[in-house]
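# Observations on the model geometry
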Amino acid sequence: MAPFEPPHTVINGFKERVDALTVQGDRLYIGTAVGNVHIYSINESSEEPATLVDIKKGISRKAIDQLGHVKDINSLVVLSDMQVSLYPLPEISTPTPLPKAKAAFSFAIHTSVQHLYPDGTDKKPTGAEFSTAVSVPSVVTDLVVGCRRKLVIYSWKDGEPQDVKEAALPHSARTIAFLTNDIVSLSYSPTEHILFSLESLTATEIATPPVASVSAVAISNMGMGALSGLGGYMTLGLGAKAKPCVTNVSSSEVLIAKDNDGLFIGVDGKPSRSARIDWPAPPEDLSFVAPYIFSVLPANTVPTQPPTSSPQPSFVPSPVLQVHSSISLNLAQSVPFPFSDANPPSAPTTNYSVRLLTASPFAKSPLFVVSTPTDRTAATVEGSSIWRFRMRPWSEQVDELVNAGLYVDALALLDTIDVAVLPDKDRRRLAIQGLNAVARFKSGDFDQALNTFIELNINPAKVIALYPESVSGRLSVPREQWIPLFGGPAPSISEEPALAASEQVDSGGEEAASPPVESAPATSQSPPSTGLRSKFTKYNPLEAIRPSGPKDPETASIASTKKAGRAAADDYARAIESLFKYLPDRRTKLIGALEAFHITPAHSHRHSPLSESSPEDLRDIPSAPLSVLTPDQLVRYAQVVDTALFKSYLIARPGLLGALCRRDNWCEVSEVEEVLAARERFPELIDLYNVRKMHSKALDLLRKLSDKELDMRDKLGPSITYLQRLGPEYIDQVFKHSLWVFEQDADMAFEIFTSEEVELAPSLVANFLEGVDPKHCARYLEFLIEERNEEAPQFHDRLAELYLKMSLDAKKKGDTDAYQAVYAKLLTFIDTTNRYRLDRLFSLLPTDDLFEAKAILLGRLGRHDSALELYVYRLRDYDKAERYCKRIYKPDADTHNIFLTLLRIYLRPLIKTTDDLLRPAIALISRNGARLDPEEALQLLPPLVGAQDVREFLLAALRAPVFDTKVVRDISKARNEQVARKLMYLEANRVKVTDSRICPQCHKRLGHSVIAVHAPGGEVTHYQCREAFSRKLKEMRHS
């Protein structure tokens, strides 16, 4: 997984000694020891990677120690002979020496975009006049020059030079590195470093932690010749002081090489990381190409790979260029000189020095490395070579880290990449975060993994697939397929698949499937350290004396099995507990998202079941925010979540199962009903059926369970209660499943249709009950009319007709008791209510039977004479006939002669009869004589009837003031005629209203106002004055 491509030679056989190098665009500027600047054009083609453009000779009389570029003024910065000068590009002529930057040892350039306020600072002014100040982005470039015991700061803002700043120092800065726009690191020596603020011109000491010194033994282990290259051609004149190795590695920290350790220092002057880089030997040079740290290690200091078993380890006989990741500090690449693909590389015949010359101050690829023979003669003959290290594409580096399972490193690498360089950075980040969550899940960090899944809006079907079949069902995916499920690479054929535990854990009598997790690292795994301290630690000398005999295989197997079972059970329990946090969160948000489409869990029965979608289709639903998913996708999400929550409760929290079953949910019933039935959790299963509107299954289960009960109430009660709660839309199921209840106990079954919880269509219920048994229908209709005060004629008609039908059927069957009971109900009903249609019912009565019913109906129709004829001639029930007359008799109504009619029926029969009707006639006269017209009654009596038989009647008639009655009647008639004549006179009166007529009450003209005429004088007033004038007239009459 080398992040850089194999280096290629850009320039070979460069005869002058290279001391400085910088890159600007496609130009490579090389400063030499004789004061010349060579300009090359860098080409991407491998045939001729660099073309000489120009040579500027005599730039300086001495060696050019450092080169740089100031973009604001497009000038080349040259440090030579302890003087810093600016050379305009591209001519590189007419230098501009910086007068204050004399006796210079080093410089550093930093360019940034800063949002500055009018006062030139990046802090908002507090004065009232600046309350509306707005910051303006500006390009600021700082050139910091380390001179003898002072620091000189040149700066440009948007190309305009600013005031030069100077600050005194206790020592001379040999190396300068920027941490932030304002803070730089100054290195006086390899062991003396400070932080300096360019704004406040103050210094902060760097507190470097102590490191283990390199012992003589360690130096001896470096191998012969490790220090052989220190006295050659390249070290002439440089033996006075070693150059400090410092480089900035981020926007807030620098890397300082202190002996064998690389320490990271933050802006506060303290170590910013507890970890450090451990080199086999102190590095000779450092450089940084984000996010990688380059270091050059001397020859014979880096052990060969892999270490041999010989007592004396072998070392690479040439300098080695190591590349560490600044994120994980892992060794990412090690390239020994000569730079070739040979493994191991062949040892060079001549000692070489390798130096890092950063390509640009922006820590961007490529990096240029200079190799020069240390021998003067060899250097003169061969010259120097400039190598180019080009970084592999970011996408390849990220993919390699992902393929290796180093997801944390991949995410950290993505953070250092600009979106312009990697357009799909955001997509990759989401994908890798998901894979890292899977890795965490594997390692047992369930809470963090599930929190990440929530943040990334991962498809719940994929998350649930990480659990065993007891939770995920058919969504379950083998452990080795978890990474491909989340978009990662598929495992290679050579990889041995991870074995999942297959034991079942028994908890409280409930079985649970094997846990889905094993102990595995969740984060990136570092390759073996390459330092001397850790190189041979795995070779423990105690292993030689430790007993190696095998243990008893049976004992070892039993012990390992028990331990693995306990660990698996613990992991399984923690995984389920984490799921209880994940699923409710998803459930709540899904309910809200579905409500936006007016879809609620109460509508779950209207959607296709989860079983109609394949596991692949469910896992292919995009992992996206809920707001962008379609209603169908949201429904599938909800079904997956509720089903998994149901199974999780069933496994770990069965006490919460009932509450979930009683609430509207999206649970897939087909996946849980068998488990519930097997565990005999029938109440929860019935509640689940009810919520999901699967009433037929619930009622079938209730009927099956009733076989175990002996008491009839316990046997039928649950089914009756369930049926009572079903609404009108399930009336067919109510009818179907109530039949067996009627077979068991009709009275209890009748309770199904008299419940107050829901109201079924009465007509449909009546039709059903009539099909079961007409008496049930009659009982139901009676309940409607008497208890619910039903007034619709159709139910009254139906009840009457049902009574009639039942009466005729009972009479045909010869069931006298039933006939009498039902016929009595019919008579009472038609005689006491008037909501039914008389003519319809009368038309249904047989012509030769049920005469009493006919009589009642005829009386209701106003045909009282016909009704009385039936009582007398057909029924021969004279008492009922007389009671009938008493009930309808009204002196001042049409029925005032009803007794006379009955008497006429007795004494003037219309049909031939052998019955003696005189006796009931005389009894009628004797009991009701006052209600009979004496004259007409006497005319109806046969001549042979003696006065003694009607003595009481005659005496009452003689005592009646017949004369007085006639006089009063005549007087009343005359009075009525007089009043009528007077009324006609008054109605004939007229009044005339003219424009000049005045209201006698208010004395204003009547005009066109509403008027009132007062009797008897005919006075005319305004309508509103009528009451006052009436009172006035009344007072005048009484006075």
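Residues numbered from 1 in each chain as written. Predicted model: local features only at pLDDT ≥ 70, side-chain atom pairs only at ≥ 80, totals over all residues. Heavy atoms only, no water.

Taking burial as the measure, the six residues of strand β20 (residues 253-258) include six buried ones, the bulk of the element. In the sheet, strand β19 (residues 246-250) pairs with β20 via four bridges, with the strands oriented antiparallel. The residue bridging N248 from the neighbouring strand is V254, located in β20. Taken together, β19 and the strand that follows it, β20, pair antiparallel across an intervening segment of two residues. In this sheet, strand β21 (residues 261-266) lies alongside β20 in antiparallel orientation, the contact comprising six bridges. Across the sheet, the residue bridging to I256 is L263, located in β21. Taking the residues that link successive antiparallel strands as the turn, the β20-β21 hairpin has two residues, and the phi of D259 there is positive, at about 60°. (Buried < 20%, exposed > 50% of the residue type's maximum accessible area, 1.4 Å probe, protein only. Helix = DSSP H or I, 4+ residues; strand = E, 2+ residues; numbered from the N terminus. Pairing = 2+ DSSP bridges.)

Let's shift gears to the sheet that holds strand β28 (residues 367-373). Backbone hydrogen bonds are what pair the strands of a sheet, in a parallel or an antiparallel way. Spatially, β1-β29-β28-β27 is the arrangement adopted by the four strands of the open sheet, whose pairing is antiparallel. Every other strand in the sheet has two partners, leaving β1 (8-14) and β27 (352-357) as the edge strands with one partner each. Pairwise comparison of adjacent strand axes, ignoring direction, gives a mean angle of 20° for this sheet. Pairing of β1 with strand β29 (residues 384-389) involves four bridges; the strand directions are antiparallel. Residue pairing across strands places I11 opposite I386, the latter belonging to β29. (Axes fitted to C-alpha atoms, helices over the stretch in contact; angles between N-to-C directions.)

Before going further, it helps to examine helix α19 (residues 731-744). Under the 1.5 Å per step criterion, the end-to-end length of α19 is 20 Å for 14 residues, consistent within 8% with the ideal 20 Å. Along its length, α19 shows its largest kink, about 35°, at S738. Tucked into the core, α19 has its buried residues touching α17 (695-706), α18 (712-724), α20 (746-750), α21 (762-772) and α22 (774-786). (Expected span 1.5 Å × (residues − 1). Bend = angle between axes of the 7 residues up to and from the residue. Contact = heavy atoms within 4.5 Å.)

Time to look at the side chain of S719. By the element assignment, S719 lies in helix α18. Setting aside chain neighbours within four positions, we find S719 in contact with L699, L702, R703 and W740.

Under the counting rule described, the total for this entry stands at three cavities of 30 Å³ or more. Considering only enclosed or pocket space, the largest cavity measures out at about 70 Å³ in volume. Taken together, L723, Q724, L726, I752, F753, S755, V758, E759, L760, V765, Y780 and R788 form the lining of the largest cavity. Each residue belonging to the lining of the largest cavity can be placed in one class, and the counts come to eight nonpolar, two polar and two charged. Put simply, the second largest cavity is a space of about 60 Å³. In terms of lining residues, the second largest cavity is bounded by I464, V471, S472, L475, L610, Q639, V640, T643, A644, K647 and E671. Residue assignment for the lining of the second largest cavity shows that the elements contributing at least two residues are α8 (469-472) and α13 (631-652). If you tally residues by element for the lining of the second largest cavity, the top one is α13, at five residues. Broken down by class, the residue content of the lining of the second largest cavity amounts to six nonpolar, three polar and two charged. (1 Å grid on protein atoms, 1.4 Å probe; cavity = no way out; pocket = protein on both sides within 12 Å on 5 of 7 lines; lining within 4 Å. Points joined across faces, edges and corners; volume = space filled by probe spheres on them. Nonpolar A, V, L, I, M, F, W, Y, C, P; charged D, E, K, R; others polar.)

Our focus in this paragraph is a negative patch on the surface. A contiguous patch of negative charge, built from E756, E759, E786 and E787, is present on the exposed surface. Along the chain, E759 falls in the loop between α20 and α21. (Patch = residues over 30% accessible without salt bridge, like charges linked within 9 Å, V, L, I, M, F, W, Y side chains within 5 Å. Areas by Shrake-Rupley, 256 points an atom, 1.4 Å probe, with all protein chains shown as cover. Salt bridge = Lys/Arg side-chain N within 4 Å of Asp/Glu carboxyl O. Lys, Arg positive; Asp, Glu negative; His and termini not counted. Charge placed at Lys NZ, Arg CZ, Asp CG, Glu CD.)

Turning our attention to the pattern of salt bridges. Following the criterion strictly, the structure yields 45 salt bridges and no others. Where R1026 meets E1027, a salt bridge forms, and the shortest distance between an N and an O atom there is 3.7 Å. Among the residues examined, E1027 registers a relative accessible area of 48% and is labelled partly exposed. A single salt-bridge network, built from bridges that share partners, covers D399, D424, R427 and R428.

Time to look at the environment of S295. In this fold, S295 is placed in strand β24 (residues 292-297). A C-alpha to C-alpha distance of 8.3 Å links S295 and V320, two positions 25 residues apart in sequence. Aside from chain neighbours lying at most four places away, what touches S295 is W279, P283, D285, L286, V320, L321, Q322, H324 and L356. There is a polar contact of 3.0 Å between the side chain of S295 and the side chain of W279. (Polar contact = N/O pair within 3.5 Å; in protein donor to acceptor, adjacent residues only side chain to side chain.)

For the rest of this paragraph, the subject is a nonpolar patch on the surface. A contiguous nonpolar patch, built from V991, V993, I1011 and V1013 and spanning about 270 Å² of accessible area, is present on the exposed surface. Tracing the backbone shows V993 in the loop between α33 (962-988) and β32 (1011-1014). Residue classification places V993 among the partly exposed residues on the basis of a relative accessible area of 34%.

Next up on the list: the nonpolar core. By size, the foremost hydrophobic cluster in this structure holds 189 residues, and its most contacted members are F294, F453, F753, I830 and L903. Residues contacting L903, with those up to four places away along its chain left out, are A921, L924, I925, L932, A937 and L940. With 16 residues, the next largest nonpolar core counts V84, A104, F107 and V152 among its residues. (Core = buried A, V, L, I, M, F, W, Y, C linked by side-chain atoms within 4.5 Å.)

Owing to its 3.6 residues per turn, the α-helix aligns residues three or four sequence positions apart on the same side. End to end, α17 covers 16 Å across twelve residues, agreeing with the expected 16 Å (1.5 Å per residue, within 8%). Taken together, the buried positions of α17 are H695, A698, L699, L701, L702, L705 and S706. One side of α17 carries all its buried residues, which in axial view fall inside an arc of 160°. (Arc of directions from axis to C-beta.)

At a minimum axis separation of 10 Å, helix α24 (residues 816-832) and helix α26 (residues 851-860) run at an interaxial angle of 5°. Between α24 and α26, the angle is such that the two are roughly parallel. Every residue of α26 that contacts α24 at Y823, L827, I830, D831 and T832 is listed here: F851, E852, A853, I856, L857 and R860. Residues belonging to the contact of α24 with α26 are distributed by class as follows: seven nonpolar, one polar and three charged. (Parallel < 35°, antiparallel > 145°, perpendicular 65-115°, else oblique.)

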